[in-house]
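# Observations on the model geometry
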Amino acid sequence: MDDGFLMEVCVDSVESAVNAERGGEARGPVDGSGVRAETGCDRLSAGAGRIELCAGLVEGGTTPSMGLLQVVKQCVRVPVFVMIRPRGGDFLYSDREVEVMKADIRLAKLHGADGLVFGALTEDGRIDTELCTALLAVCRPLPVTFHRAFDMVHDPQVALETLISLGFERVLTSGCDSSALEGLSLIKKLAEQVRFFPPGGGITERNLQRILEGSSASEFHCSARSARDSGMKFRNPNVAMGASFSAPEYSIKVADVAKVRTLNAIAKNIL
């Protein structure tokens, strides 16, 4: 955080991870051991200072494969925090889902995760302190972020106090609203209680300045994605590999180098 801020980019592919970290800078080659040689360009990053690695971004992010984690770790140098979320939907988990989460945490640590990201609530919209305590114990000694499950709590003030007492290092939030811009007043209020309260949700080049100035945040969370056309030449327009609301089959969303650079430049000019 030499520039006084940190940009975290959530990604779901190796391409997005590389784009997020480097902002398009030239990179040194990887040698036979998987270590990337450092070059002058390597040191001139215009991108993310941390990556949140997920799958299923259309559902808000779910646990990525360990294969994805392994390859991303070979390709980037910034810290990689791994999402632990066994499915989309709510944050009320069954006993079997909890076992999956614990297993995923152990595997993520084994494969080089630098931090973990999870959240869990009770049926009445409060922080599930018992489950969070158990999952935190499995995560340690790695740092842990409580994700945007926070935006679904019944009482944000009480929820934040609970998370502070449990020992979460960060809380990611859109201010319990549809985006960080709409939830800005609550973000600013809650940020007075805890240093690491990065805004996230709907952050773009058009609203980042307002969000950072309004929240006094030293970190922010974004995806910085744009659509890239598939390389497929043959296309079957009659079949979709997901639900009817899913993204088009022949359009791939990846972290956009230009967006990453622009967001980084905006933050540098503010903080």
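Check the entry above for the structure.
One structure accompanies this document, and this report is about it.

Reading the values: rules and limits
Residues numbered from 1 in each chain as written. Predicted model: local features only at pLDDT ≥ 70, side-chain atom pairs only at ≥ 80, totals over all residues. Heavy atoms only, no water. Helix = DSSP H or I, 4+ residues; strand = E, 2+ residues; numbered from the N terminus. Buried < 20%, exposed > 50% of the residue type's maximum accessible area, 1.4 Å probe, protein only. Areas by Shrake-Rupley, 256 points an atom, 1.4 Å probe, with all protein chains shown as cover. Contact = heavy atoms within 4.5 Å. Polar contact = N/O pair within 3.5 Å; in protein donor to acceptor, adjacent residues only side chain to side chain. Pairing = 2+ DSSP bridges. Axes fitted to C-alpha atoms, helices over the stretch in contact; angles between N-to-C directions. Phe/Tyr/Trp six-rings, centres within 6.5 Å; stacked < 30°, edge-to-face > 60°. Lys NZ or Arg CZ within 6 Å of the ring centre and 35° of its normal. Right-handed = clockwise from strand over helix to strand, strands pointing away. Salt bridge = Lys/Arg side-chain N within 4 Å of Asp/Glu carboxyl O. Core = buried A, V, L, I, M, F, W, Y, C linked by side-chain atoms within 4.5 Å.

## Some thoughts on the overall build of the chain
Counting its secondary structure elements, the chain contains eight helices and nine strands. For the chain, buried positions account for 48% of its 271 residues. Counting every atom, the chain has about 13,000 Å² of accessible surface; 52% of that belongs to carbon and sulfur.

## Side note on helix H7 (residues 208-215)
Side chains of residues three or four places apart in an α-helix project in the same direction, reflecting 3.6 residues per turn. The set of residues buried in H7 consists of Leu208, Ile211, Leu212, Gly214 and Ser215. Positive phi shows up at Ser216, right after H7, with a value of about 55°.

## Describing the environment of Arg140
For Arg140, the location among the structural elements is in the loop between helix H4 (129-139) and strand E5 (144-146). Of the residues examined, Arg140 reaches a relative accessible area of 28% and is grouped as partly exposed. Sequence-distant contacts of Arg140, that is, excluding residues within four places in its chain, are made with Lys109, Gly167, Phe168 and Glu169. In terms of polar contacts, Arg140 uses its side chain to reach the backbone carbonyl oxygen of Leu142, at 3.0 Å.

## Examining the sheet that holds E5
On the basis of which strands lie adjacent, the open sheet formed by seven strands has the order E6-E5-E4-E3-E2-E1-E7 and parallel pairing. Each edge of the open sheet carries a strand with a single partner, namely strand E6 (170-171) and strand E7 (219-222). Summarising the sheet, strand E1 (residues 6-11) and E7 pair through four bridges and their orientation is parallel. Bridge pairing in E7 places Met7 opposite Phe220. Packed on one face of the sheet, H4 meets strand E4 (115-118) and E5 and runs near 160° to E4.

## Focus: the packing of aromatic side chains
Taken as a whole and judged by the stated rule, the model has two aromatic pairs. Ring geometry for Phe118 and Phe168: centres 5.4 Å apart, planes at 65°, overall edge-to-face. One end of the pair, Phe118, is in strand E4; the other, Phe168, is in the loop between helix H5 (156-166) and E6, with 50 residues separating them in the sequence. Summarising the burial analysis for this pair, Phe118 and Phe168 share the class buried. For the ring pair Phe146 and Phe168, a centre distance of 5.3 Å and an interplane angle of 90° mean the geometry is edge-to-face. Of the two residues, Phe146 sits in strand E5 while Phe168 sits in the loop between H5 and E6, which places them 22 residues apart along the sequence. With relative accessibility at 8%, the residue Phe168 sits in the buried group. Site record: aromatic cluster; members linked through ring pairs are Phe118, Phe146 and Phe168. Of note, Arg50 hangs over the ring of Phe81, and the distance from its end group to the ring centre comes to 5.2 Å.

## Describing the pairing of strand E2 (residues 50-53)
By the alternation rule, side chains of E2 split into Arg50 and Glu52 and Ile51 and Leu53, which are all buried. Note that E1 and E2 share four bridges and pair parallel. Looking at E2, one finds that Val9 is bridged to Ile51. Pairing geometry for E2 and strand E3 (residues 80-83), over three bridges, is parallel. By the bridge assignment for E3, Glu52 is matched with Phe81. Between the parallel elements E2 and E3, the chain passes through helix H2 (residues 66-75) in a crossover that is right-handed.

## Quick notes on the pattern of salt bridges
Two side chains carrying opposite charge are able to pair once their charged atoms lie near each other. Applying the stated criterion across every chain, the model contains 12 salt bridges. When salt bridges with common partners are traced through the structure, they connect Glu8, Arg50, Arg170 and Glu219 into a single cluster.

## Details of the nonpolar core
Core analysis: the biggest nonpolar cluster contains 67 residues, and Phe118, Phe146, Phe150 and Phe220 have the highest contact counts within it. With six residues, the single largest contributor to this core is H4. Those residues in contact with Phe150 that lie beyond four places of it in its chain are Pro156, Ala159, Leu160, Leu163, Val171, Leu172, Thr173, Cys176, Leu190 and Phe197. Grouped together as the second largest cluster of nonpolar side chains are six residues, Cys10, Leu57, Met83 and Val117 included.

The analysis is restricted to geometry; functional conclusions fall outside its scope.
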